[in-house]
Amino acid sequence: MRILLIGDIVGKPGRQIVVQGLSAIREREAVDFVIANAENADGGSGLTASHYRALIDAGADCITLGDHIYRRFEIASVLESETRVVKPANFPEQAPGRPWTVVEARDGTPVCVFSLLGRVFMKPVDCPFQAANRVLSEVPADVKIRILDFHAEATSDMQVMGRHLDGRVSAVLGTHTHVTTADEQIFPGGTAFQCDVGMTGPHESILGRRIDRVLETTISFRPTHFHVAKGDVRLNGTLVDVDPTNGKAVAIRRLSVAMDEVDQMKQSSCSAEKNSS
Ligand SMILES: [Fe+2]
Ligand SMILES: [Fe+2]
């Protein structure tokens, strides 16, 4: 069972590469299940109901979010009614959304997805380590595949969580920093791990936003609007192969696909269709 976690989808460029490219990427990489972090999908922050639907229709099986989850609060009704999206499990019980979900892959294999927020340089939330224990005590034992999107700022937090859950989940994969780390590995207990799977959006940017605007405000303190950038759009994520009989990870690999590669994939699948008809 091959699982893809797509890193933070930023704004329209991020949504576009997912909508245009995900089905071709699923096919080329033989992906069975896709999780997408969409906390920045709407204009760089938050997620709307229509963008949620567009990402699901494009081939995402489940959506995770992060610290910007409620920036567009209309998403609350989606979080309360849909089963393919989760809130961070260390948010208050009263916060809209479910702390974990089980979604069936296309072959019927159940996959548990949950997310947690880190506490270092993030807004105050409940202990993510205890919240992870709570989630794992609730998930049915026959759901072997369990994927955590750990939305955290500090690599130390990420590593502690990876070791805390080694052997208890299939993967601990990071999001939030928007920068891919080169530390993908499988821990001794069979948990795939990576500090951050990277960003899906414009890479000619500062974390997805216009370089000139971020520079101006950071250096001069003059407020500007941090518009989403446009250049060098890439889909970044990580593929994890999991043995469905025991939930252990057997392989982990980074994936980075540029927009022109998406165009080439679509052209070659078009011409293959023409040739076969
Ligand atoms: Fe975030
Ligand atoms: Fe983000």
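Scroll up to find the structure.
Just so we're clear, the structure is a prediction, and the values are computed from it rather than from any experiment.

The rules we used
Residues numbered from 1 in each chain as written. Chains lettered and ligands numbered in written order. Predicted model: local features only at pLDDT ≥ 70, side-chain atom pairs only at ≥ 80, totals over all residues. Heavy atoms only, no water. Helix = DSSP H or I, 4+ residues; strand = E, 2+ residues; numbered from the N terminus. Buried < 20%, exposed > 50% of the residue type's maximum accessible area, 1.4 Å probe, protein only. Phe/Tyr/Trp six-rings, centres within 6.5 Å; stacked < 30°, edge-to-face > 60°. Lys NZ or Arg CZ within 6 Å of the ring centre and 35° of its normal. Contact = heavy atoms within 4.5 Å. Donors = N, O, S within 2.8 Å, 3.2 Å for Na, K, Ca; no water. Tetrahedral: all angles 85-135°; square planar, octahedral: opposite > 155°, others 65-115°.

Let's talk about the environment of Lys266
Here is step 1: Note on placement: Lys266 falls in helix H7 (residues 259-276).
Here is step 2: Residue class for Lys266 comes out partly exposed when judged on its relative accessible area of 34%.
Here is step 3: The spatial distance from the C-alpha of Lys266 to the C-alpha of Val143 is 35 Å, given a sequence separation of 123 residues.

Some words on the packing of aromatic side chains
Here is step 1: Counted by the stated rule, this structure contains three aromatic pairs.
Here is step 2: Considering the side-chain rings of Tyr70 and Phe91, the 6.0 Å spacing of their centres and the 50 degrees angle between planes classify their relative orientation as tilted. Residue Tyr70 is located in the loop between strand E3 (62-64) and helix H3 (75-81), and its partner Phe91 is located in the loop between H3 and strand E4 (100-104); the two are separated by 21 residues in the primary sequence.
Here is step 3: On the basis of relative accessibility, which here comes to 7%, the residue Phe91 falls in the buried class.
Here is step 4: Members of the aromatic cluster, joined through ring pairs, are Tyr70, Phe73 and Phe91.
Here is step 5: Just above the ring of Phe187 sits the side chain of Arg163; from NZ or CZ to the centre is 3.7 Å.

Let's talk about the side chain of Ser45
Here is step 1: Inspection of the secondary structure assignment puts Ser45 in the loop between strand E2 (33-37) and helix H2 (49-58).
Here is step 2: The contact partners of Ser45, leaving out residues within four places of it in the chain, are Glu39, Asn40, His68, Arg71, Arg72 and Arg209.

Description of the coordination of the iron ion (ligand 2)
Here is step 1: At this site the iron ion (ligand 2) is bound by Asp8 (OD), Glu39 (OE), Asn40 (OD1) and His178 (NE2), with donor distances of 2.1 to 2.2 Å.
Here is step 2: What the four donor atoms of the iron ion (ligand 2) show is an angle range of 87 to 171 degrees at the metal, which sorts the shape as irregular.
Here is step 3: Within one chain, the residues serving as donors to the iron ion (ligand 2) are arranged as D-x30-E-N-x137-H.
Here is step 4: The metal-metal distance between the iron ion (ligand 2) and the iron ion (ligand 1) comes to 3.5 Å, with Glu39 coordinating both. One end of the pair, Asp8, is in the loop between strand E1 (2-6) and helix H1 (11-28); the other, Asn40, is in the loop between E2 and H2, with 32 residues separating them in the sequence.

Concerning the coordination of the iron ion (ligand 1)
Here is step 1: With distances of 2.1 Å, the protein atoms coordinating the iron ion (ligand 1) are Glu39 (OE), Asp67 (OD), His151 (NE2) and His176 (ND1).
Here is step 2: Around the iron ion (ligand 1) sit four donor atoms, and with donor-metal-donor angles ranging over 87 to 143 degrees the site reads as irregular.
Here is step 3: Donor residues for the iron ion (ligand 1), ordered by position in the chain, follow E-x27-D-x83-H-x24-H.
Here is step 4: The class of Glu39 is buried, set by a relative accessible area of 1%.
Here is step 5: Since its relative accessible area comes to 0%, His151 is described here as buried.

Functional significance is not addressed by these values, which are geometric in nature.
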